[in-house]
Amino acid sequence: MQSLLIERKGNPVEFSYPIVWEDGFKAIGSHLDMLGLSAKKACIAADSRVASLYLQELSDALKDHFRQVDLFVFPEGESSKNLETVQKLYEFLIQKKYERRDLLIALGGGVTGDLTGFTAATYLRGIDFIQVPTTLLAQVDSSIGGKTGVDLDQYKNMVGAFCQPRLVYMNAASLVSLSDRQFASGMAEVIKTALLRDAEFFRWILSHRQQIEARDTESLDAMIRRCCEIKAMVVEEDPKEQGIRATLNLGHTIGHAIEKLMDFQLLHGECVSLGTVAAAYISYRRGFIPEEDYQNIRSCLRAFHLPVSFCKVPAEKILLATKTDKKMEGGQIKFILLHPLGNAVIDRTVCDEEILEAIHILNGEA
Ligand code: GLY
């Protein structure tokens, strides 16, 4: 077993919880015992796909540690990430008489973690929850750091709360069942993480492409661990995104715009890939990174089967959509650029012309 503590010191400590890596779900009960989270009711929330794969195994692992284990299953996909599903989960918890000392368990990918975390943050003004991420994207990014929320109409993550989980339990074996497309989507967040904080890690990803693609356990363990270390450092410093945490949004301004304009037909990581190419291009045009780095970033994303070009929506429409993103501040976009590779910076001066030029590059028009 390996673990990593994520902790925000203070008096009292603001938050402190472990990320643990285990083979299988069996050890989850003893981790919950150690954290004083067992011996009450636990509700596992999962989408229909993950439920069919892991719900039985996880509930078996929990039954000796809780008086009652309940299962809440909802349809797979971003279209479930809304207040309607949250309301259904509230109603389920009320019906099953969940109290403040009971526990919610998010079993699955980013959608499940975000909506279950948001329910936990708001049900009875807050109950404990833990994250059991089963996708690469959730293991390297969304399950860590306490961002929870849902989409409102086409506005992504527009309603939410910062609420830290009590435990992040990673079962490496769950990555085996991921489709290649879902795996690639997670790789976009991995590459993003390396680009924003650790150039050496970016080079490591390039040199371990074959092992990563073959889902070699040792390479995946090292890769996921490094992403979690970086994410933990950033979140410990700035849990509520007052400053440095915004750098984790590299590739997300244009990425989110494309995601909503495509009505969520592209996966989150696919949109982050496109947004990262655009951000790297603007960084290159500003002279913050050399052209060679821009080309390497593009090739790396493409090598992991991620899209690096896109022409389904007119550039002006994408530009307009970036303006409704919640990463705006005082009417200005907080754009994340590389300055240089391995160091992301927040820039409020990126103008419409630069964004349009970058989108035209994605369109293959410039
Ligand atoms: N996924 C970006 C963040 O957690 O801040």
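Remember, predicted model here, so these are calculated numbers, not experimental data.

How each quantity is defined
- Residues numbered from 1 in each chain as written.
- Predicted model: local features only at pLDDT ≥ 70, side-chain atom pairs only at ≥ 80, totals over all residues.
- Heavy atoms only, no water.
- Buried < 20%, exposed > 50% of the residue type's maximum accessible area, 1.4 Å probe, protein only.
- Helix = DSSP H or I, 4+ residues; strand = E, 2+ residues; numbered from the N terminus.
- Near = heavy atom within 4 Å.
- Polar contact = N/O pair within 3.5 Å; in protein donor to acceptor, adjacent residues only side chain to side chain.
- Areas by Shrake-Rupley, 256 points an atom, 1.4 Å probe, with all protein chains shown as cover.
- Nonpolar A, V, L, I, M, F, W, Y, C, P; charged D, E, K, R; others polar.
- Salt bridge = Lys/Arg side-chain N within 4 Å of Asp/Glu carboxyl O.
- Expected span 1.5 Å × (residues − 1).
- Patch = residues over 30% accessible without salt bridge, like charges linked within 9 Å, V, L, I, M, F, W, Y side chains within 5 Å.
- Lys, Arg positive; Asp, Glu negative; His and termini not counted.
- Charge placed at Lys NZ, Arg CZ, Asp CG, Glu CD.
- Pairing = 2+ DSSP bridges.
- Core = buried A, V, L, I, M, F, W, Y, C linked by side-chain atoms within 4.5 Å.
- Contact = heavy atoms within 4.5 Å.
- Disulfide = S-S within 2.5 Å.

Student: Break down helix α10 (residues 252–261) for me, citing the residues and quoting the values.
Tutor: With nine of 10 residues buried, α10 lies mostly within the body of the structure. Listing the buried residues of α10 in full gives His252, Thr253, Ile254, Gly255, His256, Ala257, Ile258, Glu259 and Lys260. Note on α10: the residue one or two positions beyond its end, Asp263, has a positive phi of about 55°.

Student: I'd love a proper account of the site of the ligand, names of residues and values included.
Tutor: Taken together, the neighbourhood of the ligand is formed by Asp141, Lys147, Lys231, Arg245 and Leu248. Residue Lys147 places a side-chain N or O atom 3.0 Å away from an oxygen atom belonging to the ligand. The contact in question runs from an oxygen atom of the ligand to an N or O atom on the side chain of Lys231, over 2.6 Å. Protein coverage of the free-state accessible area of the ligand, which is 200 Å², stands at 90%. The class makeup of the residues in the shell around the ligand is one nonpolar, no polar and four charged.

Student: Before we move on, could you go through the pattern of salt bridges and cite the residues and values that matter?
Tutor: Between side chains of opposite charge, a pair can form as their charged atoms come close. This model, assessed by the stated rule, comprises 24 salt bridges. Two residues, Glu229 and Arg226, come together in a salt bridge whose shortest N-O distance is 2.9 Å. Note that Glu229 and Arg226 are positioned in helix α9 (residues 217–237) at a spacing of three residues, about one turn of the helix. Among the residues examined, Glu229 registers a relative accessible area of 24% and is labelled partly exposed. Between Arg286 and Glu354 there is a salt bridge, with its nearest N and O atoms 2.8 Å apart.

Student: Pulling in residues and values, what's your account of helix α11 (residues 268–285)?
Tutor: The terminal C-alpha atoms of α11 lie 26 Å apart, and with 18 residues this matches the ideal 26 Å at 1.5 Å per residue to within 8%. The element α11 is largely enclosed, with a buried count of 16 among its 18 residues. Count one or two residues on from α11 and you reach Gly287, which has phi positive near 85°.

Student: Go over a negative patch on the surface, please, and point to the residues and values.
Tutor: A cluster of acidic residues, Asp23, Asp216, Glu218 and Asp221, forms a negative patch at the surface. By relative accessible area, which is 69% here, Asp23 ends up exposed.

Student: Give me the lowdown on the pairing of strand β13 (residues 344–347), citing residues and values where you can.
Tutor: Consecutive side chains along a regular strand alternate between the two faces of the sheet. Bridging between strand β12 (residues 335–338) and β13 involves four bridges; their strand directions are antiparallel. In the strand pairing of β13, Leu338 is matched with Ala344. Between the end of β12 and the start of β13, which pair antiparallel, lie five residues, with Gly342 showing a positive phi angle near 100°.

Student: Lay out the nonpolar core in plain terms, naming residues and giving numbers.
Tutor: If you look at the biggest cluster of nonpolar residues, it comprises 82 residues, and the most contacted ones within it are Leu136, Met187, Ile205 and Ile258. Beyond its immediate chain neighbours, meaning those up to four positions away, Leu136 contacts Leu175, Leu178, Phe183, Gly186, Met187, Val190, Met223 and Ile224. By size, the runner-up hydrophobic cluster in this structure holds 23 residues, among which are Ala42, Ile44, Ile105 and Leu167.

Student: Provide a residue-level description of the state of the cysteines, including the pertinent values.
Tutor: Going through the model one piece at a time under the given rule, you end up with zero disulfides. In this model Cys300 remains outside any disulfide bridge; the closest cysteine sulfur is found in Cys227, 12 Å from its own.

Student: With reference to specific residues and values, describe unusual backbone geometry.
Tutor: The omega torsion across Asn11 and Pro12 is 0°, close enough to zero to call that bond cis. Mapped onto the elements of the fold, Pro12 is located in the loop between β1 (2–8) and β2 (15–22). With omega at -5°, the peptide bond leading from His339 into Pro340 counts as cis. Topologically, Pro340 is positioned in the loop between β12 and β13. Phi is positive for Leu124, which is not a glycine, with a value near 55°. Tracing the sequence through the fold places Leu124 in the loop between α4 (110–122) and β6 (128–133). Using a relative accessible area of 36% as the deciding quantity, one classes Leu124 as partly exposed. Although it is not a glycine, Phe264 adopts a positive phi angle of roughly 60°. One can find Phe264 in the loop between α10 and α11.

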